[in-house]
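# Remarks on the overall topology
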Amino acid sequence: MALLEINKLSVEFGSAAHPFRAVSNVDLSVDAGDIVGVVGESGSGKSVTMLALMGLIDAPGRVTADALNFDGKPLLNMKPAQKRQIVGRDISMIFQDALTSLNPAYTVGFQLIETLRQHTPLRGDALKQRALELLELVEIPDAKSRLNAYPHQLSGGMSQRVMIAIAIACNPKLLIADEPTTALDVTVQQQIMELLLNLQKSQGMGLILITHDLAVVAEVAQHVVVMYAGEVVEKSPVTEIFDRPRHPYTQALLASIPEHSKGAERLHTLPGVVPGQYDRPSGCLLSPRCPYVQDRCRTEHPDLYPAGAAVARCFYALDDAGRPTHV
Amino acid sequence: MIRFLLRRIGVVIPTFLGITLLSFSLIHMIPGDPILVMMGERHIDPEFYKLAMHNLGLDQPLYLQYWHYLVNALHGNLGLSVRSQVPVMQEFLALFPATVELSFCAMLFAVPVGLAAGMIAAMRRGKVADHGVMGIALTGYSMPIFWWGLMLIMLFSVKLGWTPVSGRIDLLYDIQPVTGLLLVDSLLAHDMDAFKSVVMHLILPSIVLGTIPMAVIARMTRSAMLEVLREDYIRTARAKGLSMARIVLIHALRNALMPVVTVIGLQVGTLLAGAVLTESIFSWPGVGSWLINAIGARDYPVVQGGILLIATLIILVNLLVDILYGVINPRIRHAR
């Protein structure tokens, strides 16, 4: 049984009369100890999906799903008090901008100990001891004095380490990392990613890694989910997706990696932007930007169809040579 | 922090000079003078008028008068009241505790109620509770104070008989003044009945005086909370699985408090200075009514001295607010 099982998760905003679907029928599963990479452009619904999973979508946002099971327990209609015992302990999340994700009014120690006090029976000196251990675990130098530091006294990389320490404080079964290195200096990005992956391995956590960085995904993930305009467009084992992308969008994403365009003068790009609330095309959401678009694509909305070892949301999924399979 | 404070104090000096100049020129712009007002309709002998003006130093050119006032004020001498011939400072100190006591109790009402109302409104944004609370706050803010005071007196004092109509304490009690604050003095005298009487006398004026600050604090708290609740660290707190109460009271409120403390500081200033209407409705013997009477009587030293003293207090309160910022916000404490 999968650790996390999401089935047809949708998130809608706006009024009931004019709803906007930010996330539509997303299926996702994560096995214990697995790393799943979720990639896609800004605005493709990656973060919203994860916030919905954490129960952090507020009214007027509406979350619906056929199933949203974590560790065998249905999260969707769980009472808030019950859910709070899981969120922060068994599922935890780190965010893109660590500097603003820590409360400026409290010390690092306070914010770390707060989580421990909420979810563990530790009290008194044991709390402080554990907090110190955690800071050392995320390789913060001079951890003891950092306990009394305020967030504004930390660098971006240091803040993200603190966020990671908070997230792994209660040995979670699943860690969601929402673009954990995007806001950091390039030199620090690598260190943080390595730390994250080492911890994932040593703690045996499941990890959902949301990122723009396909290279990282290629290195570490077992499965890749590609999202576009609130939908999953391709799900594939990592061994497959880089050599044999099945969805035209995935192909375009891969072509836009600088390493893939050796010799070419300009980086390959997909013209246009992700459709927003008012310009959703009927039919396939990629149809206005797709280089292989057919008449059918403009009128009919495709489901996820098996294509090789993957599933892809395309009527004419690409073959092994990267050409659309026209009927 | 210390450099920050020194800089703040450096700003205070020109402010003081400005205040003395302003209060001096404003009161002298009002037509009439103390002698004319005192004599009223009666005939004044021009010789006597001249003599009286000379004795008060009012026959000197204005710039000399200002200079003398300034020099005396710097020596801590605010002069004698023209009417009572009592030192201004002495009169002020005798009346000020009553105003302090009333202002303090008004804030005791306004701060908790305003904070709670603002937080409830922010949490229930766009719902009935939000519109209800903000509607009440707007009403409180716009309502004429004298009307509100009279309505409360009519209901609670006259119809229901729960609270006394006016004054600070029943005439039955004779409390030895120590601090001038009757709440404290009655406790020092171990007279519980007197203490109860003081409390009963304070309730209505405190509510009336505290209504506007309460409304201002509620609105400020609401908007500050709404802003803070959108912050990333609130999302982090929620992702930790903390209870809603903890998120709001520990994580949001502390950060939302910054602008609210500013507003509270400003309100304390206006309360100390401007309890005039409330003081006159409830016959409260404080500095507000004292100043109003002094303006009517063209009692120059009282008006100038009183305004200077109150301005000093407002400056001190603002300084206190600046220090409080440092306590609330570690970023300010650590800045040099």
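Residues numbered from 1 in each chain as written. Chains lettered and ligands numbered in written order. Predicted model: local features only at pLDDT ≥ 70, side-chain atom pairs only at ≥ 80, totals over all residues. Heavy atoms only, no water.

### A few points about the overall build of chain A
Summing up its helical and strand segments, chain A has twelve helices and 13 strands in all. Whereas a compact globule of 327 residues would reach a radius of gyration of roughly 20 Å, chain A reaches 21 Å, a difference of no more than 12%. Counting only C-alpha atoms, chain A reaches 70 × 50 × 35 Å along its principal axes. Per-residue burial for chain A yields a buried fraction of 54% across its 327 residues. In chain A, the share of contacts with a sequence separation of at least 24, taken over all contacts with a separation of at least 6, comes to 63%. Carbon and sulfur atoms make up 50% of the accessible area of chain A, which totals about 14,700 Å². (Helix = DSSP H or I, 4+ residues; strand = E, 2+ residues; numbered from the N terminus. Rg over C-alpha atoms; globule rule 2.2 N^0.38 Å. Buried < 20%, exposed > 50% of the residue type's maximum accessible area, 1.4 Å probe, protein only. Contact = heavy atoms within 4.5 Å. Areas by Shrake-Rupley, 256 points an atom, 1.4 Å probe, with all protein chains shown as cover.)

### Digging into the overall build of chain B
Regarding its fold elements, chain B presents 15 helices and zero strands. Projected onto its principal axes, the C-alpha coordinates of chain B cover approximately 85 × 55 × 40 Å. The buried share among the 336 residues of chain B stands at 45%. Approximately 17,500 Å² of chain B is accessible, and the part contributed by carbon and sulfur atoms is 70%.

### Let's talk about the UniProt feature "transmembrane region" (unreviewed entry) in chain B
As recorded in UniProt, the feature "transmembrane region" (unreviewed entry) lies at residues 9–30, 92–121, 133–156, 198–218, 256–282 and 302–328 of chain B. When the span residues 198–218 of chain B is considered, its composition is 100% helix and 0% strand, and the gap between its end C-alpha atoms is 28 Å. (UniProt positions renumbered as here; feature names shortened; annotations may be inferred.)

### Thoughts on the pattern of salt bridges
When their charged atoms lie close together, side chains carrying opposite charge are able to pair. One pass over the structure, following the stated rule, counts 21 salt bridges over all chains. Between Lys 240 of chain B and Glu 114 of chain A there is a salt bridge, with the nearest N and O atoms lying 2.8 Å from each other. On the criterion of chain membership, the pair formed by Lys 240 of chain B in the loop between helix H10 (232–239) and helix H11 (244–273) and Glu 114 of chain A in helix H4 (residues 108–119) is interchain, its members lying in two chains. In this structure Lys 240 of chain B comes out as buried when scored by relative accessible area, which is 4%. (Salt bridge = Lys/Arg side-chain N within 4 Å of Asp/Glu carboxyl O.)

### As for the interface of chain B and chain A
Between chain B and chain A, the residue contacts involve 21 residues of the former and 28 residues of the latter. Both sides of the chain B and chain A interface together cover about 2,200 Å² of buried area, and 54% of this is carbon and sulfur. For chain B, the biggest contributors to the area lost against chain A are Arg 235, Arg 238 and Lys 240 of chain B; these three give 27% of the whole. Inspection of the chain B/chain A interface yields three salt bridges. (Buried area = accessible area lost by both parts, 1.4 Å probe.)

### Here's the deal with unusual backbone geometry
Residues and elements named next belong to chain A. Here Glu 139, not a glycine, exhibits a phi torsion of approximately 60 degrees, which is positive. In this fold, Glu 139 is placed in the loop between helix H5 (125–137) and helix H6 (143–146). Residue class for Glu 139 comes out partly exposed when judged on its relative accessible area of 48%. Here the phi dihedral of Asp 142 falls at roughly 55 degrees; this positive angle occurs in a residue that is not glycine. Residue position: Asp 142 is located in the loop between H5 and H6.

### Here's the deal with the domain arrangement of chain A
All names here are of chain A. Domain assignment breaks chain A into domain 1 (4–221) and domain 2 (245–312). On the side of domain 2, nine residues touch domain 1, which itself brings eight residues to the contact. The junction of domain 1 with domain 2 conceals about 740 Å² of combined surface from both sides, 62% of it contributed by carbon and sulfur atoms. It is Phe 20, Glu 41 and Leu 214 in domain 1 that bury the most area against domain 2; as a group they hold 66% of the surface buried on that side. Between Arg 289 and Glu 41 there is a salt bridge, with its nearest N and O atoms 3.2 Å apart. The tally of links between domain 1 and domain 2 comes to three residue pairs in polar contact (both at pLDDT 80 or more). Here the residues of the side of domain 1 that touches domain 2 sort into three nonpolar, three polar and two charged. (Domains from an automatic or database assignment. Polar contact = N/O pair within 3.5 Å; in protein donor to acceptor, adjacent residues only side chain to side chain. Nonpolar A, V, L, I, M, F, W, Y, C, P; charged D, E, K, R; others polar.)

### Considerations on the packing of helix H1 (residues 2–29) of chain B against helix H14 (residues 300–328) of chain B
Residue and element names in this part refer to chain B. Interaxial distance between H1 and H14 falls to 10 Å at its minimum, and their mutual angle equals 155 degrees. As the angle between them shows, H1 and H14 are arranged roughly antiparallel. Considering how the two elements wind past one another, H1 and H14 form a crossing that is right-handed. Within the contact of H1 with H14, the residues separate by chemical class into 16 nonpolar, seven polar and two charged. (Axes fitted to C-alpha atoms, helices over the stretch in contact; angles between N-to-C directions. Parallel < 35°, antiparallel > 145°, perpendicular 65-115°, else oblique. Left-handed = near helix turned anticlockwise from the far one by under 90°.)

### A few points about the packing of helix H5 (residues 88–123) of chain B against helix H9 (residues 192–229) of chain B
Residue and element names in this part refer to chain B. Two elements in contact, H5 and H9, have axes whose closest approach is 5 Å; the angle formed by their N-to-C orientations is 35 degrees. Where H5 crosses over H9, the two elements pack in a sense that is right-handed. Of the residues belonging to the contact of H5 with H9, the class tally is 25 nonpolar, seven polar and two charged.

### A few points about the sheet that holds strand E10 (residues 223–228) of chain A
All names here are of chain A. Here we have eight strands laid out as an open sheet, ordered E7-E8-E9-E3-E10-E11-E13-E12, and mixed in their pairing. At either end of the open sheet lies a strand with only one pairing partner, and these are strand E7 (91–94) and strand E12 (305–307). For this sheet the average axis-to-axis angle between neighbouring strands, irrespective of direction, equals 20 degrees. Its contacts with the sheet place helix H1 (residues 46–54) against strand E3 (35–39), E7, strand E8 (174–178), strand E9 (206–211) and E10, and it is angled at close to 145 degrees to E7. Where helix H7 (residues 156–167) meets the sheet, it contacts E7 and E8, and its direction lies at approximately 175 degrees from that of E7. (Pairing = 2+ DSSP bridges.)

### As for H1 of chain A
In an α-helix there are 3.6 residues to a turn, and that puts residues three or four apart on one side. Of all nine residues in H1 of chain A, seven are buried; the element is thus mostly enclosed. Of the residues flanking the end of H1 of chain A, it is Gly 55 of chain A, one or two places downstream, whose phi is positive at about 80 degrees.

### Quick look at the environment of Asn 7 of chain A
Residue and element names in this part refer to chain A. On the secondary structure map, Asn 7 appears in strand E1 (residues 4–13). Sequence separation between Asn 7 and Asp 34 is 27 residues; the distance between their C-alpha atoms is 18 Å. When neighbours within four sequence positions are excluded, Asn 7 is seen to be in contact with Val 26, Asp 27, Ala 65, Asp 66 and Ala 67.

### Details of the packing of aromatic side chains
Overall, the coordinates contain ten aromatic pairs over all chains when judged by the stated rule. For the pair Tyr 106 of chain A and Phe 110 of chain A, a centre-to-centre distance of 4.4 Å together with 15 degrees between the ring planes defines the contact as stacked. For Phe 110 of chain A, a relative accessible area of 29% translates into the label partly exposed. Taking 6.3 Å as the distance between ring centres and 55 degrees as the angle between the ring planes, the aromatic pair formed by Tyr 66 of chain B and Tyr 69 of chain B counts as tilted. In this pair, Tyr 66 of chain B and Tyr 69 of chain B both sit in helix H4 (residues 62–74), three residues apart, roughly one turn of the helix. (Phe/Tyr/Trp six-rings, centres within 6.5 Å; stacked < 30°, edge-to-face > 60°.)

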